[in-house]
Amino acid sequence: MINKYTNGIKRIFLFILTFGIISNSYSQDKFDDKFKAVPPKIKPLKIKEVIAQVPGPPKVKPYVADPIPENNFKVPKNDDIIASEVYKKNQDLGVFKTSSKIANVRYRDGAYVDGDKIRIYVNYKVVEYEVVLDGDFKGFEINLEKGVNIIDFEALNEGFAAPNTAEFEVYDDNGKMISSSQWNIGIGYKATIIIDKQ
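Residues numbered from 1 in each chain as written. Predicted model: local features only at pLDDT ≥ 70, side-chain atom pairs only at ≥ 80, totals over all residues. Heavy atoms only, no water.

**Student:** Got a sec to walk through the overall build of the protein? Specific residues and values, please.
**Tutor:** Of regular secondary structure, the protein possesses 2 helices and 9 strands. Within the protein, the fraction of its 198 residues that count as buried is 25%. For the protein, the proportion of contacts with a sequence separation of at least 24, taken over those separated by at least 6, is 75%. Element-wise, carbon and sulfur atoms account for 57% of the exposed surface of the protein, whose accessible area totals about 16500 Å². (Helix = DSSP H or I, 4+ residues; strand = E, 2+ residues; numbered from the N terminus. Buried < 20%, exposed > 50% of the residue type's maximum accessible area, 1.4 Å probe, protein only. Contact = heavy atoms within 4.5 Å. Areas by Shrake-Rupley, 256 points an atom, 1.4 Å probe, with all protein chains shown as cover.)

**Student:** I'd like a rundown of the sheet that holds strand 8 (residues 177–185), residues and numbers included.
**Tutor:** Strands pair in a sheet through their backbones, by hydrogen bonds, and they do so in one of two ways: parallel or antiparallel. Pairing within the open sheet is antiparallel, and its 4 strands lie in the order 5-2-7-8. The sheet is open, and its two borders are formed by strand 5 (138–143) and strand 8, each paired with just one other strand. Sheet twist, expressed as the average angle between the axes of neighbouring strands with direction ignored, equals 20 degrees. Inspection of the sheet shows strand 2 (residues 102–109) paired to strand 7 (residues 164–171) by 6 bridges, in the antiparallel sense. When the bridges of strand 7 are listed, D109 appears paired with A166. (Pairing = 2+ DSSP bridges. Axes fitted to C-alpha atoms, helices over the stretch in contact; angles between N-to-C directions.)

**Student:** How would you explain the pattern of salt bridges if you had to name every residue and give the values?
**Tutor:** Under the definition given, this model contains 4 salt bridges. A salt bridge links R106 to E169, with the nearest nitrogen and oxygen atoms 3.1 Å apart. Of the two residues, R106 is situated in strand 2 and E169 in strand 7; the sequence distance between them amounts to 63 residues. On the basis of relative accessibility, which here comes to 11%, the residue E169 falls in the buried class. (Salt bridge = Lys/Arg side-chain N within 4 Å of Asp/Glu carboxyl O.)

**Student:** Provide a residue-level description of the pairing of strand 8, including the pertinent values.
**Tutor:** In this structure, strand 7 lies alongside strand 8, joined through 8 bridges in antiparallel fashion. Residue pairing across strands places E169 opposite S180, the latter belonging to strand 8. Between the end of strand 7 and the start of strand 8, which pair antiparallel, lie 5 residues, with G175 showing a positive phi angle near 80 degrees.

**Student:** Describe the nonpolar core, naming the residues involved and giving the relevant values.
**Tutor:** With 24 residues, the main nonpolar core has Y107, I118, I120, I151, F153, V170 and W183 as its most contacted residues. Taken together, the elements giving at least two residues each to this core come down to strand 2, strand 3 (117–122), strand 5, strand 6 (147–155), strand 7, strand 8 and strand 9 (190–197). Setting aside its immediate chain neighbours within four residues, F153 contacts V105, Y107, I118, R119, I120, W183, I185, Y189, K190, A191 and I193. (Core = buried A, V, L, I, M, F, W, Y, C linked by side-chain atoms within 4.5 Å.)

Here it is as structure tokens:
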């Protein structure tokens, strides 16, 4: 019995010894003497020198004046200008095109209120026989005919201060201004606006 026990221990011991020898023969050293670590690749930094750019003075193009044209204006001789005669002529206020069906005409005294009176014609027919101009706009509406529509404002007087002055505005059926101007005319003369309906 003891023999069997001893044989079992011998076998275990032999097994451990054999296992130890085998494991020792397969183990390896940590590093060989021939082993060399590969050093990391270090690229040298290329530092580009930065030069601050200081702006120089702005380039100024020298001014060269255009040559002054020769003055050929001739002063009329013996032409006396008489203030009371300047406004003794009809005044053309322009031609304006529109596709509007109607025109809303408004007018008022163009300077200080001094009792100016006018008569208004549309296509040579009187639409307002006598109107006294004041500081507020007055007006009327006309149906525009296809083609040319002529509106005349005739000065019936010059008020307390000559000439007859007025400011007027003309609007289309959408409330858009067609024309705006003023007149300065003497007694019996007309200021005319033409509206061309397209």
